[in-house]
Amino acid sequence: MTVTQFISTHQDAVQIALYAFIISSLWLMEVCFSAGLISVKKRWQHNKTNLLFVFTALPIQLMLTTIVLLIVSWTNARHWGLINYIPGHQNKWIYYISLFMLLDLCEYIYHVVMHKIDLLWKFHLVHHSDQHVDVSTTVREHPGETCVRTGFLMLWVFILGPAVSVLVLRQTFQSAFNVLAHTEFRLPQKVNKIAGLIFITPNLHHVHHHYQLPHTDRNYGDVLSIWDRLFGTFGELDVKETRFGIDTHMNEKVTGRFLNILKIPFQKLERPGK
Ligand SMILES: [Zn+2]
Ligand SMILES: [Zn+2]
């Protein structure tokens, strides 16, 4: 069996392994290079709470991915989906780049929806309630949001009609970018200016994690920052002014304990509608 064959027959396992590898290497780097930013005991407690979300997300994700794959085979067999109307889509490059960008736009729309619809925001704010953003924040997602996110992916796949290979490629990029966007490490300003023209950098995603509006509603982008620039949601904020968390949930007794975090969406919001 060749490496390519192995990867294509074990896509889920390969992706999980890759994701785990990226997270743990960056986590190690954070522990080594960001010493002093947070005490070792506090960091461990924080990481442990966030990592527990892996155990709620994995079974949901694996189960619902089966439905996503069923939709993919249905759309592919019928040549269904927006991609079939893109001029030149028979060309491999046009096919992959168009779908990558369209899927990224879909993720942008999804993220805006999670912020703007009160009920969905109550689930998404769990991700925002982390008062110390590091690689472990990447997996801090309420299981309710995992269901909604995968549900939206089913919709995007149905609308666009991508091949499985596009989804695998996209998922790999997306996971790597999401982990990088949450590291404590920030890019030097000059590098950030250039990379941020196209991509969501850690500096840009940190703005999204600032505890107060309007910054929380900036930089919704997933991999690309072009949608934020296009739709007027792009924003920058100096590191000295950035404070992580969400103003309605700053009590660490709630936001720092796994079981209390799970209850957040079912409690009344202090300020309904944010
Ligand atoms: Zn958000
Ligand atoms: Zn985030």
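Above this text you will find the structure in question.
On a predicted model such as this, the values are computed, not experimentally measured, just so you know. (Residues numbered from 1 in each chain as written. Chains lettered and ligands numbered in written order. Predicted model: local features only at pLDDT ≥ 70, side-chain atom pairs only at ≥ 80, totals over all residues. Heavy atoms only, no water.)

A. Molecular detail of unusual backbone geometry. Cis geometry is found at the peptide bond from L213 to P214, where omega equals 5°. Its location among the elements puts P214 in the loop between α9 (202-208) and α10 (226-231). Even without being glycine, H79 reaches a positive phi, approximately 50°. By the element assignment, H79 lies in the loop between α3 (40-77) and α4 (92-116). Judged by relative accessible area, H79 falls into the exposed class, the value being 62%. The backbone of N219 sits at a positive phi, close to 50°, despite the residue not being glycine. Assignment of secondary structure puts N219 in the loop between α9 and α10. (Helix = DSSP H or I, 4+ residues; strand = E, 2+ residues; numbered from the N terminus. Buried < 20%, exposed > 50% of the residue type's maximum accessible area, 1.4 Å probe, protein only.)

B. Spotlight on the coordination of the zinc ion (ligand 1). At 2.1 to 2.2 Å from the zinc ion (ligand 1) lie its protein donor atoms, namely H111 (NE2), H115 (NE2), H124 (NE2), H128 (NE2) and H208 (NE2). One chain supplies every donor for the zinc ion (ligand 1), spaced along it as H-x3-H-x8-H-x3-H-x79-H. Here H115 and H111 lie together in helix α4, a separation of 4 residues that amounts to about one turn. Judged by relative accessible area, which is 10%, H111 ranks as buried. A relative accessible area of 3% places H115 in the buried class. (Donors = N, O, S within 2.8 Å, 3.2 Å for Na, K, Ca; no water.)

C. Representation of the nonpolar core within the structure. Of all hydrophobic cores here, the largest spans 22 residues; its most connected members are V68 and V157. Elements supplying a minimum of two residues to this core: α3, α4, α6 (143-160) and α7 (164-181). Core analysis: the second largest hydrophobic core is formed by 9 residues, L125, V126, I246 and F258 among them. (Core = buried A, V, L, I, M, F, W, Y, C linked by side-chain atoms within 4.5 Å.)

D. Structural context of helix α5 (residues 118-128). Counting buried residues along α5, 9 of its 11 residues qualify, which places the element largely inside the surrounding structure. Looking at α5, one finds that the buried residues are L120, W121, K122, F123, H124, L125, V126, H127 and H128. Tucked inside the fold, the buried residues of α5 contact α3, α4, α6, α9 and α12 (258-263). (Contact = heavy atoms within 4.5 Å.)

E. Focus on a nonpolar patch on the surface. On the surface, a nonpolar cluster with roughly 710 Å² of combined accessible area is contributed by W74, W80, L82, Y85, L155, F158 and I159. For L82, the location among the structural elements is in the loop between α3 and α4. (Patch = residues over 30% accessible without salt bridge, like charges linked within 9 Å, V, L, I, M, F, W, Y side chains within 5 Å. Areas by Shrake-Rupley, 256 points an atom, 1.4 Å probe, with all protein chains shown as cover. Salt bridge = Lys/Arg side-chain N within 4 Å of Asp/Glu carboxyl O.)

F. Expanded view of the coordination of the zinc ion (ligand 2). Every protein donor of the zinc ion (ligand 2) is listed here as H127 (NE2), H182 (NE2), H205 (NE2) and H209 (NE2), and their distances to the metal cover 2.0 to 2.1 Å. If you look at the zinc ion (ligand 2), its 4 donor atoms make angles of 90 to 162° with each other, and the shape they trace is irregular. Spacing between the donor residues of the zinc ion (ligand 2) along the chain follows H-x54-H-x22-H-x3-H. Linking H127 in helix α5 with H182 in the loop between α7 and α8 (189-195), this pair joins segments that are 55 residues apart in sequence. (Tetrahedral: all angles 85-135°; square planar, octahedral: opposite > 155°, others 65-115°.)

Purely geometric numbers; function is a separate question.
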